[in-house]
Amino acid sequence: MVRSGPESLAGHRSTAGWRFAVAGALLLSQMCPTARALPSDRARVSIAVEPGEIISPEQARAPAFLLDKSDLLIVVDQYRGFLLGRFTAPLGLSPGSPTFPGGVGLERIVFQGPPLPSLPLTPLPKQHGFPFMCEGAVAGSPCILDLDLDGACEIILATTEGTVHVLTSDGESREGWPIRIDDGFYAPPAAGDLDGNGFREIVLGGISGRIYAWRVDGSLMQGWPVRPTLPAVDRETLDDLGGAGFFGAAALADIDGDGASEVCIAAGGKVWLFRGSGECLPGWPQQLPPATQPPNPASTFAAPAVGDIDADGVPEIFLASNACQIHAWTISGSILDGWPAPVPHQARAGFGGVALGDVTGDGRPEIVITSEHGFSGPATVTVLDARGRPVPNWPYHLPDACNAGAALGDLTGDGILEIVIATVGGDAAILAIDGRSAQPLPGWPRRLRRETVNATPLIVDLDGDGWNDILVAALSTGLESDTWIWAFDKRGQQLDEFPIMLPQDEIVCAAPVTVDLDGDGDLELLAATERLNSVYVWDLNTLCDPSLMPWPAVAGGASRRGCPSVAMDPGALGPGTALDDQPPGAAHNLWPPEEGAHRPRRAAGLSTVAFDLRGETHVRLVIFDIKRHPIRQLLQHTLPPGQYRIYWDGRDAAGDQQPSGIYFYQLNLGNKAQTRQLLLLK
């Protein structure tokens with residue numbers, strides 16, 4: 001339930017020069033001021049209307065006071081974040097005063113001065129250095145990753161005006177950035193190791209039809225940008241395609257096994273596979289055929305998905321198009337047996353992308369696709385097997401179109417991935433669906449009144465209770481043009497401190513991101529917007545457990561492969577590990593396990609914590625209970641290089657034996673931190 005009382009602003013931090021004044025309510029007149037008899041002249045309040053804004057005082061709901069540095073009252077509609085205006089306070093009406101019993105007459109004037117700030121309405125503390133103002137709208141979801149493995153995360157943002165930012169964890173531009181290009185970017189950036197040297201590069205396609213690859217210092221990689229030949233289309237078809245450039249992210253994966261990632265990207269009815277050097281692999285590009293009934297071009301606006309779906313040890317490539325088909329290829333460009341597969345009801349499916357994962361519990365990954373309303377039936381979410389056949393009980397019919405694609409994660413704790421989707425429309429539906437029965441979990445769907453969702457949901461443990469939660473960014477469909485960031489637990493119950501409301505701002509397709517941004521071991525939430533060009537970061541005060549972050553970003557992570565994310569090798573422990581996307585999905589047979597990789601397990605014997613040190617390092621190891629309370633510090637010491645195993649005997653700091661159950665450990669190696677789950681069995 002939305003908190004509409006003034007207490008929801010308690011502890012709110014405004015920008016510099018602003019201070020929170022009271023937690024009280026102002027009863028505004030429900031009648032036209034000129035038609036109301038006032039108690040006295042001193043009860044009249046002058047509204048300072050922002051230039052160009054149309055403000056209707058009677059629309060305010062659950063108002064609360066703010067005070068600017070000139071001691072003018074600011075009234076905020078807490079329900080929708082509607083910033084009503086600045087007021088001069090009459091005698092008897094001031095912060096902390098009781099409500100006027102008969103209402104207050106309002107007199108409109110024009111305010112000449114700085115505009116009202118668009119303050120996010122949330123009790124969550126903001127991260128130091130944010131919000132950050134970009135040089136243009138951010139239409140593609142940010143990419144967060146430790147690019148150079150120095151223990152600090154970078155934030156990668158691209159704007160529709162052609163500026164690419166790389167920020168440090170405290171909101172500062174990294175050396176060599178931003179870069180300004182005569183292009184525009186609507187796609188999310190992707191990051192991966194293109195040359196096999198261990199460091200990550202940034203890959204991004206522009207609306208010009210060029211594809212760029214940069215190193216962390218801002219220099220272009222040799223062989224990039226490339227400008228592949230896009231299909232020749234007429235103007236009408238070009239409008240249907242959304243333009244001739246790239247609107248979907250690149251998927252980065254080592255498909256040929258040479259230790260460097262390939263770049264798979266699609267636009268205008270074609271899909272390409274490039275080496276890290278910018279050369280196109282033999283057998284590529286592939287041309288997607290258009291649909292004839294109903295007529296639709298084979299456009300796509302999402303990243304291809306990459307994963308080993310047939311257990312042959314080599315990843316395959318999957319892509320859904322608006323020509324009502326899902327395609328699958330081998331690395332050589334050969335079409336897999338059984339493909340392409342039709343989208344149910346002859347529906348378009350090129351907006352949200354494909355997700356890969358074991359959603360039925362049979363040990364084999366499936367292909368999950370969402371669609372719009374079809375030519376012959378409703379919108380659906382569909383699950384296919386490796387040969388393109390619908391899995392029993394599927395498809396599931398949706399109440400509205402789904403343009404955001406599915407997120408996959410274990411919500412019930414049984415080790416099987418559930419499917420989470422959100423729909424567009426005036427009353428968006430959020431659903432968590434069981435992959436075996438094709439039925440919503442208890443408590444779902446949830447409806448968001450007068451809101452629409454175009455951004456992919458996230459699946460992460462947001463509140464630290466050991467269970468995955470669901471986060472979505474929704475856009476108001478009324479005149480307010482506000483963004484709401486909602487969070488729900490596995491049963492569909494709204495989490496405390498949510499929703500976050502961004503007044504007069506828009507998140508359309510740029511899904512938020514969750515990550516341990518600053519390496520302090522807890523989780524941060526990042527959101528970038530299109531209308532006010534802002535990047536917000538909030539501290540969730542929840543321990544970051546990579547085993548409970550299956551879908552922390554669009555397409556599953558920074559490499560945009562469409563697979564659930566997993567933890568990375570402990571030799572590179574540090575900020576952003578949940579998004580670093582070392583070969584993911586070993587538990588779901590999507591990628592072979594990396595040699596030496598440490599992966600969280602839920603089994604007996606996890607009272608031992610093992611790690612390697614490459615040099616002399618200060619090490620701190622702390623055990624937490626299920627409520628994230630620290631119960632014992634096992635280690636706080638500087639250790640020489642070597643291999644270590646630290647054993648926990650199941651006792652707390654007082655020496656008391658703890659009961660069997662789920663615990664967490666936080667391991668700090670120098671300035672790098674990692675939190676993982678631990679199971680104590682007796």
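Thresholds, definitions, all that
Residues numbered from 1 in each chain as written. Predicted model: local features only at pLDDT ≥ 70, side-chain atom pairs only at ≥ 80, totals over all residues. Heavy atoms only, no water. Helix = DSSP H or I, 4+ residues; strand = E, 2+ residues; numbered from the N terminus. Contact = heavy atoms within 4.5 Å. Areas by Shrake-Rupley, 256 points an atom, 1.4 Å probe, with all protein chains shown as cover. Pairing = 2+ DSSP bridges. Phe/Tyr/Trp six-rings, centres within 6.5 Å; stacked < 30°, edge-to-face > 60°. Core = buried A, V, L, I, M, F, W, Y, C linked by side-chain atoms within 4.5 Å. Buried < 20%, exposed > 50% of the residue type's maximum accessible area, 1.4 Å probe, protein only. Polar contact = N/O pair within 3.5 Å; in protein donor to acceptor, adjacent residues only side chain to side chain. Salt bridge = Lys/Arg side-chain N within 4 Å of Asp/Glu carboxyl O. Patch = residues over 30% accessible without salt bridge, like charges linked within 9 Å, V, L, I, M, F, W, Y side chains within 5 Å. Lys, Arg positive; Asp, Glu negative; His and termini not counted. Charge placed at Lys NZ, Arg CZ, Asp CG, Glu CD. pLDDT = per-residue confidence, 0-100.

Regarding the overall build of the protein
Looking only at helices and strands, one finds 1 helix and 46 strands in the protein. Expressed as a percentage of contacts within the protein between residues at least 6 apart in sequence, the contacts between residues at least 24 apart total 58%. Accessible area for the protein stands at about 25900 Å²; split by element, carbon and sulfur atoms hold 51% of it.

Some details on the sheet that holds strand E27 (residues 380-384)
Spatially, 4 strands are ordered E25-E26-E27-E28 in an open sheet, and the strand pairing comes out antiparallel. A strand with exactly one partner marks an edge of an open sheet, and here the two such strands are strand E25 (354-357) and strand E28 (396-397).

Some words on the packing of aromatic side chains
What describes a pair of aromatic rings is the distance from one ring centre to the other and the angle between the planes of the rings. Counted under the stated rule, the structure contains 15 aromatic pairs. Arranged with centres 5.5 Å apart and planes meeting at 35°, the rings of tyrosine 186 and phenylalanine 247 form a pair that is tilted. Of this pair, tyrosine 186 sits in the loop between strand E11 (179-180) and strand E12 (190-192) while phenylalanine 247 sits in the loop between helix H1 (235-241) and strand E15 (251-253), and the two are 61 residues apart along the sequence. Here the aromatic cluster, defined as three or more aromatic residues joined through ring pairs, consists of Trp177, Phe185, Tyr212 and Trp214.

Side note on the sheet that holds strand E21 (residues 305-307)
If you trace the 4 strands from one edge of the open sheet to the other, you get E21-E22-E23-E24, paired in antiparallel fashion. Here the strands that pair on one side only, and so sit at the sheet edges, are E21 and strand E24 (341-342).

As for the nonpolar core
With 41 residues, the main nonpolar core has Val368, Val381, Trp394, Ile419 and Leu448 as its most contacted residues. Elements with a minimum of two residues in this core: E27, strand E29 (407-409), strand E30 (418-422), strand E31 (427-433), strand E35 (469-476) and strand E36 (483-488). A total of 6 residues in this core trace back to one element, the largest contributor, which is E31. Setting aside residues up to four positions removed in sequence, valine 368 forms contacts with Gly353, Val354, Ala355, Val359, Val381, Thr382, Val383, Ala406, Leu408 and Ile419. Ile500, Leu525, Trp538 and Cys544 belong to the second-largest nonpolar core, a separate cluster that totals 21 residues.

Considerations on the side chain of glutamine 658
Following the sequence through the fold, glutamine 658 ends up in the loop between strand E44 (642-647) and strand E45 (661-669). Classification of glutamine 658 as buried rests on a relative accessible area of 14%. Within the structure, glutamine 658 has its side chain in polar contact with the side chain of aspartate 652 (distance 3.1 Å).

Some thoughts on the pairing of E31
In the case of a regular strand, side chains alternate between the two sheet surfaces. Among the 7 residues in E31, 6 count as buried, and that is most of the element. Taken together, the 4 bridges between E30 and E31 define a ladder with antiparallel strand orientation. Paired with valine 420 across the bridge in E31 is alanine 432. What sits between E30 and E31 in their antiparallel hairpin is a turn of 4 residues, with glycine 425 showing a positive phi close to 110°.

Observations concerning the pattern of salt bridges
Throughout the structure, instances matching the rule amount to 14 salt bridges. The residue aspartate 195 makes a salt bridge to arginine 215 at a minimum N-O spacing of 2.8 Å. Note that aspartate 195 is positioned in the loop between E12 and strand E13 (201-205) and arginine 215 in the loop between strand E14 (211-214) and H1, a separation of 20 residues in sequence. The salt bridge partner of arginine 447 is aspartate 400, with a shortest N-O separation of 3.3 Å. In this pair, arginine 447 is assigned in strand E32 (residues 446-449) and aspartate 400 in the loop between E28 and E29, connecting sequence segments 47 residues apart.

Regarding the pairing of strand E42 (residues 617-624)
Here E42 lies mainly inside the structure; 6 of its 8 residues are buried. Relative to strand E43 (residues 630-639), E42 runs antiparallel, the two being bridged by 8 bridges. Each residue of the ladder has a partner; that of histidine 618, found in E43, is threonine 638. With antiparallel pairing between neighbouring strands as the criterion, E42 and E43 make up a hairpin whose turn holds 5 residues, including arginine 628 at a positive phi of roughly 70°. Alignment of E42 against E45, held across 6 bridges, turns out to be antiparallel. Looking at the pairing, valine 619 lines up with leucine 669 of E45.

Considering a negative patch on the surface
Where like charges cluster on the molecular surface, the negative patch consists of Asp463, Asp465, Asp496 and Glu497. Here aspartate 496 lies in the loop between E36 and strand E37 (500-502).

Topic: unusual backbone geometry
Residue proline 340 is reached from tryptophan 339 by a cis peptide bond, and omega for that bond is 0°. Along the chain, the position of proline 340 falls in the loop between strand E23 (325-329) and E24. In this model, tryptophan 394 is joined to proline 395 through a cis peptide bond whose omega is 10°. If you trace the backbone, proline 395 turns up in the loop between E27 and E28.

Brief notes about the confidence of the model for the protein
Note: predicted coordinates in regions of low pLDDT should not be interpreted at a detailed level. Averaged over every residue, the pLDDT of the protein is 77; residues scoring 70 or more account for 74%. Strand E1 (residues 19-20) is the least confidently modelled element of the protein, averaging 23 in pLDDT, while E14 averages 98, the highest of any element. Contacts from residues 93-117, a stretch scored under 50 in pLDDT, to residues over four places away or in other chains number 71 contacts. The low-confidence segment residues 567-606, where pLDDT is below 50, has 130 contacts with residues more than four positions distant or belonging to other chains.

Quick word on the side chain of aspartate 539
Within the secondary structure, aspartate 539 is located in strand E40 (residues 534-543). On the basis of relative accessible area, aspartate 539 is assigned to the buried category, the value being 16%.

Looking at the environment of methionine 501
Of note, methionine 501 is situated in strand E37. Classification of methionine 501 as buried rests on a relative accessible area of 2%. Considered as a pair, methionine 501 and tryptophan 486 are 15 residues apart in the sequence and their alpha carbons are 8.9 Å apart.

Brief notes about the environment of proline 445
Note that proline 445 resides in the loop between E31 and E32. Not counting chain neighbours up to four residues away, the residues in contact with proline 445 comprise Ile430 and Leu431.

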